[in-house]
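In case you want the letters, here they are:
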Amino acid sequence: MCGIIGVLGDHEAAPVLVEALKRLEYRGYDSAGIATVNHGHLDRRRAVGKLVNLSDKLVHEPLAGKAGIGHTRWATHGAPTEVNAHPHRGRTVAVVHNGIIENYRELKEELAALGTEFVTQTDTEIVALLAQRYVDEGAEPVDAAFRTVDRLKGAFALAFLFDGYEDLIVIARMGPPLAIGHGDGEMYIGSDAVALAPLTDRITYLEDGDRAVITRAGAEIRDAKGALANREMRQVRLDATRVDKAGYRHFMAKEIDEQPTVVAEVISHYVPSGSDEIILPDDGIDFTKVNRLVLSACGTAFNACMTAKYWFEKLARIPVEIDIASEFRYREPPLVPGTVSVFVSQSGETADTLAALRYCADKADRIVAVVNVPESSIARESGLVLPIHAGTEIGVASTKAFTAQLTVLYLLALKAAADRKALSGEQVADRLSALRGLPAVMNAALDLGDAVQRIAIAVSEARDVLFLGRGTMYPLALEGALKLKEISYIHAEGYAAGELKHGPIALIDSNVPVVVLAPGDDLFDKTMSNLQEVVARGGKAVLISDETGIAQAGSGVWMSVPMPKVHGDLTPILYAVPAQQLAYHTAVAKGTDVDQPRNLAKSVTVE
Ligand code: F6R
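No experiment lies behind these values; they were computed from the predicted model shown.

**Student:** Hey, could you run me through the overall build of the protein chain in this one?
**Tutor:** Regarding its fold elements, the protein chain presents 19 helices and 24 strands. Taking 607 residues into account, the globule formula puts the C-alpha radius of gyration at 25 Å, and the protein chain, at 25 Å, falls close to it. With respect to the principal axes defined by its C-alpha atoms, the protein chain has extents near 80 × 50 × 45 Å. Residue burial in the protein chain is summarised as follows: out of 607 residues, 60% are buried.

**Student:** Is there a simple way to explain the packing of helix 4 (residues 124–136) against helix 5 (residues 141–151) in this structure?
**Tutor:** Axes are the key here: two packed helices are described by the angle between their axes and the distance separating the axes. Relative orientation of the contacting elements helix 4 and helix 5 amounts to 130°, with a least axis distance of 8 Å. The angle between helix 4 and helix 5 places the two elements in the oblique class. Like other packed secondary-structure pairs, helix 4 and helix 5 cross with a definite hand, here right-handed. Contacts from Val127, Leu130, Ala131, Arg133, Tyr134 and Val135 in helix 4 reach Ala144, Arg147, Thr148 and Arg151 in helix 5. A class-by-class count of the residues in the contact of helix 4 with helix 5 yields six nonpolar, one polar and three charged.

**Student:** Whenever I open this one, the environment of Leu178 confuses me. Can you help?
**Tutor:** As for its position among the elements, Leu178 is in the loop between strand 8 (169–174) and strand 9 (179–182). Taking the C-alpha atoms as reference, Leu178 lies 9.2 Å from Ala193; in sequence the two are 15 residues apart. For Leu178, the contacting residues outside a window of four places in its chain are Ile4, Ala157, Leu158, Ile171, Ala172, Arg173, Ile189, Gly190, Ser191, Thr204, Tyr205 and Leu206.

**Student:** Sorry, what's going on with the site of the ligand here?
**Tutor:** Residues in contact with the ligand amount to 13 residues; listed here are only the nearest, Ser345, Gln346, Ser347, Thr350 and Glu486. Between Gln346 and the ligand, the recorded distance is 2.6 Å, taken from a backbone N or O atom to an oxygen atom. The contact in question runs from an oxygen atom of the ligand to an N or O atom on the side chain of Ser347, over 2.6 Å. According to the grid-proximity analysis, the pocket containing the ligand is the second largest pocket. Contributing elements (two or more residues each) for the shell around the ligand: helix 9 (299–316) and helix 16 (473–488). Broken down by class, the residue content of the shell around the ligand amounts to four nonpolar, seven polar and two charged.

**Student:** Which parts of the structure should I look at to understand empty space enclosed by the protein?
**Tutor:** The method is simple in principle: a probe with the dimensions of a water molecule rolls over the atoms, and the space it marks as empty is what remains. In this structure the tally under the stated criterion is one cavity of 30 Å³ or more. Volume-wise, the largest cavity comes out at about 70 Å³. Around the largest cavity sit Cys2, Arg73, Trp74, Ala75, Thr76, His77, His86, His97, Gly99, Thr122, Asp123 and Thr124, which together line it. Across the lining of the largest cavity, the residue classes tally to three nonpolar, seven polar and two charged.

**Student:** Would you take a moment to explain helix 19 (residues 571–590) for this structure?
**Tutor:** The end-to-end C-alpha distance of helix 19 is 29 Å, a good match for the 28 Å that 20 residues give at a rise of 1.5 Å each. Burial within helix 19 is extensive, with 17 of its 20 residues counted as buried.

Reading the values: rules and limits
Residues numbered from 1 in each chain as written. Predicted model: local features only at pLDDT ≥ 70, side-chain atom pairs only at ≥ 80, totals over all residues. Heavy atoms only, no water. Helix = DSSP H or I, 4+ residues; strand = E, 2+ residues; numbered from the N terminus. Rg over C-alpha atoms; globule rule 2.2 N^0.38 Å. Buried < 20%, exposed > 50% of the residue type's maximum accessible area, 1.4 Å probe, protein only. Axes fitted to C-alpha atoms, helices over the stretch in contact; angles between N-to-C directions. Parallel < 35°, antiparallel > 145°, perpendicular 65-115°, else oblique. Left-handed = near helix turned anticlockwise from the far one by under 90°. Contact = heavy atoms within 4.5 Å. Nonpolar A, V, L, I, M, F, W, Y, C, P; charged D, E, K, R; others polar. Near = heavy atom within 4 Å. Polar contact = N/O pair within 3.5 Å; in protein donor to acceptor, adjacent residues only side chain to side chain. 1 Å grid on protein atoms, 1.4 Å probe; cavity = no way out; pocket = protein on both sides within 12 Å on 5 of 7 lines; lining within 4 Å. Sits in = over half its atoms within 2 Å of the grid points. Points joined across faces, edges and corners; volume = space filled by probe spheres on them. Expected span 1.5 Å × (residues − 1).

Here you go:
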């Protein structure tokens, strides 16, 4: 959701900024821009669309200077045009921004009354012009930036650059993440450690309300009350910030293939080798004292929560409530004593999930974060952090983070079942043994990629696709549909198979592929009845099941994927593989932008 970067360096800033923006492009790609100060003179270059357009522009219109800021945009206020691209500027101030300024209309009216003219439709321009007004009134740059920040309501990570000042960037954070990178005689700022990884591994994260004055000599951080703040400098593991395709055509393909390794990695972090005990970090959770779990997340992470509800309720006998984070707090749900609230987020920065967490902060007994980025806001505001160890996920469509979230949540459900004695030690051990075997089974599923690709080529002709599943295959049907629509732009819906006859069946005709996710479990026969309802109406049933299931389904099935068998609890993790591959190959067949689908961004830091 917009990426920002800044450098006070010893070398030309433009190439450094563009290289860092490349690593931030997953946050938005509607436009990109940079500004530098060169011999005291502030200037900028901006271009609509992917970063490559800005790079091309810089070849013909280079921008010199060793101090600069840059931005890659995911449009909120104002269309994705060059005029609306960041950096925004007044006469002597340039600003890059991630977030939304909620009171921009009020500030705009105030500035308009003073005769200020506006050229963009963005909220960010107001920030630049307000700072400009304070400069014009005689304020020093730092003071002008701080006074501006004091006037803002909403969510922001901001960086200010000033004409005439080649050793100064002023930054502020309220909501979206912002990090300071410490170099040798150079300083950097950026939206995350991934952007800064080639530049430095020494990072300081700002906290909400913080603002900082950056010079080449270092950073002076102040908290929301203006007091000097001492924020920890962390050493970042650079292997956790690797972003290359390793020979794959797309990050998504690479990340799908990485899943067996990631699942094995998760297991190794939570289950010591040779043991049948699940060990949580810090003081863990004593599930004998838990009366209720509340799981909340957005998008794919929410689908992981819905899957986990089946596990927690069935295996550990704990009542579970799940909710989409963007709706959760509007109901003002009362949290009874003994409630543990769990927030699942790959990025750890999703604004709605963070808002739901903050709603629970003083109401739940415990706040638990299941995140991929341990330094993220959601992790930092949680009492217990359960990392998913998926490594950097770059493809906008989440794949390996989903199966890693599922694996962590499954282990948590087993731990709950063991603590509450809802499963015997032997039953837990059997399940852990099956889980240890899962990476190998996932590899076998990945080998079915060619079969899935053949189906995808046919599916790519469709206008609508339905996904059906029962039990834990229901959330996976939602996930399969989400994946397909977000990267192939084909309209897709996931339904509980039993719900088909209550409405969606009206959509079925010979043009509608219906993907039925049905491992050979105790729900198989019922799901087959639903498949037959599809076939009877001329629908094209794609069956994803094991060989026994496919044989039982008979000849009405249009196409099928013969999945390897696995323990019944683990089918949602295993069957995620063909669901993801189907979306991937369909998108490739349609020629869409797989890793950066239109209108989306990887880290959604606005509500
Ligand atoms: C879909 C997808 C999104 C995210 C959602 C939450 O493929 O990636 O639906 O799952 O935006 O993001 P995180 O997990 O970062 O909170």
